[in-house]
Amino acid sequence: MIRLRGIAKAYEMGRFQPVEALRAVDLDIDRGEFVVITGRSGAGKTTLLNVIAGLAKPTRGSVTIDDVDLWRLSDRRLSLLRNRTMGFVFQFPSLLASLSVLQNVMLPASLTGERGAESRERAYELLATVGLGDRLTSYPAQLSAGQQQRVVIARALINGPEILLADEPSSDLDEETEVEIMTLFRRIHLDMGVTVALVTHTRQLVSYGTRHIAMAAGRLAVETPGQAGV
Amino acid sequence: MRSRTLTGLALRNMAGNELRSWLLGLCAFCIAAFAVSTALVVHGAQDSLRLAAERLGADVVVVPHGAETQVDGALLMGTVSKTWMPGADVARIAAVRGVGVASPQVYLESLSNASCCAVSHMFIVAYDPRTDFTVEPWLHQKLGGELSLQQAVGGCDVTVPVNRNIMLYGYDMWMRGKLEPTGTNLDQTLFVTLSTARAMAASSRTTAVRPLTVPKDSVSSVMVKVSPGQDPDAVARAISATVPGVTAIVSPRMFAAYRSQISGLLDMMLVVLGLLLVLALVVTVALFVMATHERRRELGVLRALGATRGAVVTSLLIEALTLALVGGLAGALVAAIGVGLFHTLLVSALGFPFLFPAFGRLAVEVGLGLALALAAVGAAATLPALRVSRREPADAMRE
């Protein structure tokens, strides 16, 4: 489903030497996998996720999703592919502060002009699924970090994506909330059949995935089956 | 991205950063207000001069040599000319080859704050009804006949109503009608025949606080209509060459001093408007660079969720143009209302007349001022919007 070949990504750092975040990465992620990517800070995990999502253009190499080369698409088609095929959960608070919980969840649907009534119904269901069915009119500032992350997950699922990309989704959460969020990811993976690629620096989360990839210095270091896949 | 979502986000961002929104609105306000007030004054002044020339209806105006500015001032601003030319010159002018009609006019004024005058300091034009082509055609068309003794017509701003008595120098006259506006002093001018002026002068010796003097055998100016097919320039040159002590001015060159004053003001206003535009552009660019920097992560998230580059630019432009629309409309309306309310004060301060336009023309001027504000703010916002839209979403989301 997702195929990365010879991916390199370097960031220009002004007068300094470019920083190579990814070096010659080859990776295949099949439909229905739950891949957990671990590594220390600066290992290139987030960059790898951004390259998979088409949010960062690789310096070298190709990224294909279902045999479609992302960087051969126009901006409009790439944006549509992201909107329809992928859901994102970011490490940082990514809800729009000026929108209510319901409006935030409906945002990806409204970006492509989907009819409000349909996406509203789906948003109700998803918010009920993540346990926030009673906070539709709340604003992000009125929610805890764990609740905000659950809204982000609901938002990521609004367009029924095939791929869910999560970057350190539980890094700011307490242990109990982290378990809740990760259990939610596992349910999404199992119940909805969504392919998940999740980046974390915590090795404890490896158990939630079907495959574990460890990264170091911009390369894939170790690949092992996750416990969920064993 | 659907326009409702874009507009909703833009409106929420505006409400979320009031100071920036006020500053952007203020930029648009200043541009529109200055552009509209400049346009109203300059176009109004040009209209006034054109209408005043049309009102006089002359191809050539003959004035005493050296009194060109005085006569212009009399007609436009009501500052009565004290220079006269011999009445005999009228016949000499009429005899010049190419002259069709030569009609004399005498410029007078009422007394200021005198009990014998119903209105204070009114400019009076006395004309010869046998030769006049300034007022008489209008009288025939609108009122069906010429003015008799003790009758007058006024400019549109004369305060005495039609079909009422008006007393000047203790002499009663009947107001028969009012002329269309020109925006000049002609709108506050009373037109009477030379016979009425002389009767008023005779009566004033016993009825007025100070008598009116109408110099015998002297006139203030002579309005000339050239014969069909004749070149007004050539006729004007012939009059100046043939009749000593006079200057003949062709109609388009009348009010030259005022035209030059208006042109000078227009140049100055355009320079100020240019500086104001540059300043507003710099401020708008700076505000939008700040805004896009503050919102780069949010814009990156929008891109990740499926917003195209164009949608990001559109969202930012909707924000800028909405503020420009509100600020610009407010500025244009305040300028229009201000120029209308302080018209008299502005005429006196600027030293030349200008006609406040009718609603249709006013709407066009307001629309153009608003369009300028929209274009300036829109153009200034486009650069930072394009810049932020070209960044990689991942780069935009990074701290």
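Residues numbered from 1 in each chain as written. Chains lettered and ligands numbered in written order. Predicted model: local features only at pLDDT ≥ 70, side-chain atom pairs only at ≥ 80, totals over all residues.

Brief notes about the nonpolar core
Residue and element names in this part refer to chain B.
- Ile31, Ala32, Val60 and Val377 are the most contacted members of the largest nonpolar core, which has 194 residues in total.
- Top contributing element to this core by residue count: helix α2 (residues 18-56), with 19 residues.
- Both of domain 1 (3-50 + 259-397) and domain 2 (66-244) provide at least three residues apiece to this core.
- Here Val60 is in contact with Val224, Val226, Pro232, Val235, Ala236, Ile239, Ala248, Ile249, Val250 and Ser251, once residues within four sequence places are set aside. (Core = buried A, V, L, I, M, F, W, Y, C linked by C-beta atoms within 7 Å. Buried ≥ 20, exposed ≤ 12 C-beta atoms within 10 Å, placed from the backbone. Helix = DSSP H or I, 4+ residues; strand = E, 2+ residues; numbered from the N terminus. Domains from an automatic or database assignment. Contact = placed C-beta atoms within 7 Å.)

Some details on the packing of helix α5 (residues 145-157) of chain A against helix α6 (residues 175-192) of chain A
Residue and element names in this part refer to chain A.
- Running from amino to carboxyl end, α5 crosses α6 at an angle of 15 degrees, the nearest separation of the two axes being 10 Å. For the element pair α5 / α6, the angle class is roughly parallel. In this structure, α5 crosses over α6, and the sense of that crossing is right-handed. In this structure, α5 uses Gly146, Gln149, Arg150, Ile153 and Leu157 to contact α6, whose residues at the interface are Thr177, Glu180, Ile181, Leu184 and Ile188.
- Of the residues in the contact of α5 with α6, the class split is five nonpolar, three polar and two charged. (Axes fitted to C-alpha atoms, helices over the stretch in contact; angles between N-to-C directions. Parallel < 35°, antiparallel > 145°, perpendicular 65-115°, else oblique. Left-handed = near helix turned anticlockwise from the far one by under 90°. Nonpolar A, V, L, I, M, F, W, Y, C, P; charged D, E, K, R; others polar.)

Notes on the sheet that holds strand β10 (residues 219-225) of chain A
Residue and element names in this part refer to chain A.
- Across the sheet, which stays open at both edges, the six strands sit in the order β6-β7-β8-β3-β9-β10 with mixed pairing between neighbours. Two strands lie at the open edges of the sheet, namely β6 (86-89) and β10, each paired on one side alone. Across the sheet, the mean angle separating the axes of adjacent strands is 15 degrees when strand polarity is ignored.
- Relative to strand β9 (residues 211-216), strand β3 (residues 34-39) runs parallel, the two sharing five bridges. Bridged to Val35 within β9 is Arg211. (Pairing = 2+ DSSP bridges.)

Regarding the interface of chain B and chain A
- On the side of chain A, 22 residues touch chain B, which itself brings 18 residues to the contact.
- Looking at the side of chain B that touches chain A, the elements that each hand over two or more residues are α1 (3-16), α9 (296-304) and α13 (393-397) of chain B.
- Counted by class, the side of chain B that touches chain A contains seven nonpolar, five polar and six charged residues.

Let's talk about the domain arrangement of chain B
All names here are of chain B.
- According to the domain assignment, chain B contains domain 1 (3-50 + 259-397) and domain 2 (66-244).
- Taking only C-alpha atoms, the centre of domain 1 and the centre of domain 2 are 47 Å apart.
- Facing eight residues of domain 1, the contacting portion of domain 2 comprises seven residues.
- Its residues placed into classes, the side of domain 1 that touches domain 2 shows five nonpolar, two polar and one charged.

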